[in-house]
Amino acid sequence: MSICLSSLILLPIWISMAQIQQGGPDEKEKTTALKDLLSRIDLDELMKKDEPPLDFPDTLEGFEYAFNEKGQLRHIKTGEPFVFNYREDLHRWNQKRYEALGEIITKYVYELLEKDCNLKKISIPVDATESEPKSFIFMSEDALTNPQKLMVLIHGSGVVRAGQWARRLIINEDLDSGTQIPFIKRAMDEGYGVIVLNPNENYIEVEKPKIHLQSSSDSSDEPAEKRERKDKVSKETKKRRDFYEKYRNPQREKEMMQLYIRENGSPEEHAIYVWDHFIAQSAAENVFFVAHSYGGLAFVELMIQREADVKSKVTAVALTDSVHNVWHQEAGKTIREWMRENCCNWVSSSEPLDTSVESMLPDCPRVSAGTDRHELTSWKSFPSIFKFFTEASEAKTSSLKPALTRRSHRIKHEEL
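None of these values were measured; they are calculated from a predicted model. (Residues numbered from 1 in each chain as written. Predicted model: local features only at pLDDT ≥ 70, side-chain atom pairs only at ≥ 80, totals over all residues. Heavy atoms only, no water.)

A. Just the overall build of the protein chain, in detail. Looking only at helices and strands, the protein chain features 15 helices and 13 strands. Counting over 416 residues, the protein chain shows a buried share of 43%. Relative to all contacts within the protein chain whose residues are 6 or more apart in sequence, the contacts with residues 24 or more apart total 70%. Here the protein chain has roughly 23800 Å² of accessible surface; of this, 51% comes from carbon and sulfur atoms. (Helix = DSSP H or I, 4+ residues; strand = E, 2+ residues; numbered from the N terminus. Buried < 20%, exposed > 50% of the residue type's maximum accessible area, 1.4 Å probe, protein only. Contact = heavy atoms within 4.5 Å. Areas by Shrake-Rupley, 256 points an atom, 1.4 Å probe, with all protein chains shown as cover.)

B. Focus on empty space enclosed by the protein. Summed over all chains, the structure comprises two cavities of 30 Å³ or more. Approximately 30 Å³ is the volume found for the second largest cavity. Lining the second largest cavity are Ile-154, His-155, Gly-156, Ser-157, Pro-199, Asn-200, Pro-267, Tyr-294, Gly-295 and Ala-298. It is helix α11 (residues 294-305) that contributes the most residues to the lining of the second largest cavity, three residues altogether. Looking at the lining of the second largest cavity, its residues break down into five nonpolar, five polar and no charged. (1 Å grid on protein atoms, 1.4 Å probe; cavity = no way out; pocket = protein on both sides within 12 Å on 5 of 7 lines; lining within 4 Å. Points joined across faces, edges and corners; volume = space filled by probe spheres on them. Nonpolar A, V, L, I, M, F, W, Y, C, P; charged D, E, K, R; others polar.)

C. Inspection of the pairing of strand β6 (residues 192-196) at higher detail. Burial of β6 is extensive: five of the five residues sit out of reach of the surface. Here β6 shows no split at all, with Tyr-192, Val-194 and Val-196 on one side and Gly-193 and Ile-195 on the other all buried. Pairing geometry for strand β4 (residues 135-139) and β6, over two bridges, is antiparallel. Bridge pairing in β6 places Met-139 opposite Ile-195. The sheet contact formed by strand β5 (residues 149-154) and β6 spans five bridges and is parallel. Bridge pairing in β6 links Met-151 to Val-194. (Pairing = 2+ DSSP bridges.)

D. A look at the side chain of Gln-180. With respect to the helices and strands, the residue Gln-180 is situated in the loop between α7 (175-178) and α8 (181-189). Among the residues examined, Gln-180 registers a relative accessible area of 0% and is labelled buried. The residues contacting Gln-180, other than those within four sequence positions of it, are Leu-153, Ile-154, His-155, Gly-163, Gln-164, Trp-165 and Val-196.

E. Representation of the confidence of the model for the protein chain. Per-residue confidence for the protein chain gives a mean pLDDT of 84; residues scoring 70 or more make up 75%. Here residues 1-6 is modelled with pLDDT under 50, and outside its nearest four sequence neighbours on either side it reaches eight contacts, counting other chains as well. Ignoring residues within four places in sequence, the model shows residues 402-416, a span with pLDDT below 50, making zero contacts including any to other chains. (pLDDT = per-residue confidence, 0-100.)

F. Structural context of the environment of Asn-202. By secondary structure assignment, the location of Asn-202 is in the loop between β6 and β7 (203-207). For Asn-202, a relative accessible area of 9% gives the class buried. Residues Asn-202 and Leu-259, spaced 57 residues apart in sequence, show a C-alpha to C-alpha distance of 8.6 Å. Ignoring anything within four residues of it in the chain, the contact list for Asn-202 reads Tyr-260, Ile-261, Asn-264, Gly-265, Ser-266 and Pro-267. Separated by 3.1 Å, the side chain of Asn-202 and the backbone oxygen of Asn-264 make a polar contact. (Polar contact = N/O pair within 3.5 Å; in protein donor to acceptor, adjacent residues only side chain to side chain.)

G. View of the pattern of salt bridges. Inspection of every chain in the model, using the stated rule, returns 14 salt bridges. A salt bridge links Asp-127 to Arg-262; the shortest N-O distance between them is 3.1 Å. Separated by 135 residues along the polypeptide, Asp-127 in the loop between β3 (120-124) and β4 and Arg-262 in the loop between β8 (256-260) and α10 (267-279) bring together distant segments of the chain. The exposure class assigned to Arg-262 is partly exposed, which follows from its relative accessible area of 29%. In the salt-bridge network here, residues are joined through shared partners; they are Asp-127, Glu-132, Arg-262 and Glu-263. (Salt bridge = Lys/Arg side-chain N within 4 Å of Asp/Glu carboxyl O.)

H. Spotlight on the pairing of strand β9 (residues 286-292). Across the seven residues that make up β9, a large majority, seven, are buried. Burial along β9 is two-sided: the face carrying Asn-286, Phe-288, Val-290 and His-292 and the face carrying Val-287, Phe-289 and Ala-291 are both buried. Relative to β9, β5 runs parallel, the two sharing six bridges. When the sheet's bridge partners are listed, Val-152 is paired in β9 with Phe-289. Sheet topology note: the β9/strand β10 (residues 314-320) ladder contains six bridges and is parallel. Bridged to His-292 within β10 is Thr-320.

I. Geometry of the sheet that holds β5. Spatially, the nine strands line up as an open sheet ordered β3-β4-β6-β5-β9-β10-β11-β13-β12, and their pairing is mixed. Each of the sheet's edge strands pairs with one partner strand only, and the pair in question is β3 and β12 (356-357).

J. Expanded view of the side chain of Asn-198. Mapped onto the secondary structure, Asn-198 falls in the loop between β6 and β7. Residue Asn-198 is classed as buried on the basis of its relative accessible area of 0%. Discounting residues that sit within four places of it in the chain, Asn-198 has contacts with Tyr-110, Ser-135, Phe-136, Ile-137, His-155, Arg-161, Ala-162 and His-270.

Structure follows, in structure tokens:
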């Protein structure tokens, strides 16, 4: 259908070219102009004329989908999983539909964090004015007051937001594998406070204001006849441009501009901001990080910027298929040594879970996450990560005991 319509639109141009080629030199110039026009026509853009409107529901119910008792997204009527190719040969429309559903999923996960996990939504920057762009994070009630343990969760880059590991998993697999909710619930059950970062929420989008160019008729230095002629040419040019734009992209989306959030304009900035204003202020003696993909890079950058503070407060770091690079990020020797002792990276691998994997970089140990799918590494290493944290906490406690004994013995000796 789309190809036939495009051919019908282009047919008059091809006929004109055939007729013109039989003419003289003037006609050849017209042929060149028509060829130039043809070279500018993008068939993919042209086929947008056949697209249904980019108007999608704003609720799961509107999409006729819901999560079942297993946390799987299923069609309300058929019980089938989500279908990406809802309309054949309309990839752009299908992609826009998928993105619209993804935005609903993001809001749904936010609701679960508050209602199901009992987390609080905290606006940042903490001193933001009413009118400036803002972001937010999620925290448990005891995140800043828990004297023992605090767990900090950082997702990767892309479209994911707070509480998610991978949108694709949430839509195509289930909530357990695609969200951070299992980590949050187990952490709270085991006595951790929890902070969930939101490192991809770096700006808000607003519609770009239209710029009205001053009419050339305002120029009083030009003769009236010349101004009228220029205005006529300008109007005809605008008319042709608007017609071509409507023809090229009948569903043109609004032009948007980005307003960045103060001190949170990138994942790295966000991690440092949350550290300074929340994590560093917490009462927890032991802080633990779980960082996936680009979240690992953000943590390493945090270490570079706040090395002494991180070393004094963080007990262990679990990375899942982290994309950090200690050379490119110029992490110093003392940071690399600390990472070797206190970090572990569960990487995508076909080897069994926790099998040692060779590393080319001199930083933290690498072990298999038990899957070769990048987005699944957090979920598959879930039990191993909690075991790692427990062992790290016990090791820290046991290493402190001899020191305390020696100190108390020294005090008694000095008293004598």
